[in-house]
Amino acid sequence: MNGAQQAAHAEHVPAEVTVELESCAATDAHAVFSALRTTFRSDREADDVPEEMAGPGATVWTSTFDVSDHRAAAEPRRLSAPVVVSLQGGYWAVDELCRGLEPAFAVHVLGTAAGDQEKEVELRLETREVLETR
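The structure reproduced in this document is the subject of the present report.

## Things to note about helix α3 (residues 91-101)
Where burial is concerned, most of α3 is hidden: 8 out of the 11 residues are buried. If you check which residues of α3 are buried, you get Trp92, Ala93, Val94, Glu96, Leu97, Cys98, Gly100 and Leu101.

## A few points about unusual backbone geometry
In this structure, serine 23 is a non-glycine residue whose phi angle is positive, near 60 degrees. Mapping serine 23 onto the fold places it in the loop between β1 (16-22) and α2 (26-39).

## Some details on the pairing of strand β4 (residues 83-90)
Of all 8 residues that make up β4, 6 are buried, and the element is covered over most of its length. As defined by bridge partners, β1 adjoins β4 across 5 bridges and the pair is classed as antiparallel. By the bridge assignment, leucine 21 is partnered in β4 with valine 85. Bridge count between β4 and strand β6 (residues 118-127): 8 bridges; the pairing is antiparallel. Across the sheet, residue valine 83 finds its bridge partner in β6, namely leucine 125.

## Remarks on the nonpolar core
Counting 32 residues, the largest nonpolar core has Val19, Leu21, Leu87 and Leu97 as its most contacted members. The greatest single-element share of this core, amounting to 7 residues, is contributed by α2. In this structure, valine 19 is in contact with Phe33, Leu36, Trp61, Thr62, Ser63, Phe65, Val85, Ser86, Leu87 and Leu97, ignoring residues within four places of it in sequence.

## Some words on the environment of glutamate 96
Here glutamate 96 is to be found in helix α3. What makes glutamate 96 buried here is its relative accessible area of 8%. Sequence separation between glutamate 96 and valine 67 is 29 residues, and the spatial gap between their C-alpha atoms is 6.5 Å.

## What about the pattern of salt bridges?
Two side chains of opposite charge can pair, provided their charged atoms sit close to one another. A full pass over the atoms with the stated rule returns 4 salt bridges. In this structure, arginine 41 engages aspartate 66 in a salt bridge whose closest nitrogen and oxygen atoms are separated by 2.4 Å. Placement of arginine 41 in strand β2 (residues 41-42) and of aspartate 66 in strand β3 (residues 60-66) is noted, with a sequence separation of 25 residues between them. Take arginine 41: its relative accessible area is 39%, and that puts it in the partly exposed class. Looking at aspartate 66, the relative accessible area reads 16%, which means it is buried.

## Observations concerning the environment of tryptophan 92
You can see tryptophan 92 is positioned in helix α3. Take tryptophan 92: its relative accessible area is 13%, and that puts it in the buried class. In this structure the C-alpha to C-alpha distance between tryptophan 92 and serine 68, which are 24 residues apart in sequence, comes to 9.9 Å.

## Quick look at the sheet that holds β1
Strand pairing within a sheet occurs via backbone hydrogen bonds; the two strands may be parallel or antiparallel. Strand order across the open sheet formed by 6 strands is β2-β3-β1-β4-β6-β5, with antiparallel pairing between neighbours. Since the sheet does not close on itself, it has two edges, and those belong to β2 and β5 (105-114), each with one partner. The strands touched by α3 within the sheet are β1, β3, β4, β5 and β6, with β4 carrying the most contacts at an inclination of about 145 degrees.

Rules used throughout
- Residues numbered from 1 in each chain as written.
- Predicted model: local features only at pLDDT ≥ 70, side-chain atom pairs only at ≥ 80, totals over all residues.
- Heavy atoms only, no water.
- Buried < 20%, exposed > 50% of the residue type's maximum accessible area, 1.4 Å probe, protein only.
- Helix = DSSP H or I, 4+ residues; strand = E, 2+ residues; numbered from the N terminus.
- Pairing = 2+ DSSP bridges.
- Core = buried A, V, L, I, M, F, W, Y, C linked by side-chain atoms within 4.5 Å.
- Contact = heavy atoms within 4.5 Å.
- Salt bridge = Lys/Arg side-chain N within 4 Å of Asp/Glu carboxyl O.
- Axes fitted to C-alpha atoms, helices over the stretch in contact; angles between N-to-C directions.

These figures come from the coordinates and say nothing about function on their own.
Encoded structure:
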């Protein structure tokens with residue numbers, strides 16, 4: 001699908017995906033969100049860095065991305081540990097966001113749940129092994 005086809009397609013389907021990260025280091029949350037902001041528009045500013053919250057319970061970071069405007073591909077990012085990510089949105093939008101993560105991370109699908117208009121996908125992201133050829 002070329003850019004014009006994507007734009008026409010995006011006019012007819014929801015293009016927003018909600019991304020949730022839970023129980024990961026703030027630096028890993030920042031790596032994931034900054035990679036996604038490189039590729040898609042976000043409801044968060046570029047300098048919005050996740051911070052650890054004190055207190056009981058797990059910290060959950062959430063952001064929404066508009067995948068109708070596909071920008072540059074993100075460079076590979078390093079994670080301190082695998083990160084579990086939940087995506088929720090329209091079928092096309094979730095698939096686009098998954099493709100947007102692939103240049104930056106090794107992406108493993110853990111599970112999916114489908115509805116009439118939306119789907120939810122749970123992923124495990126890991127640091128991509130970059131092979132240098134010289």
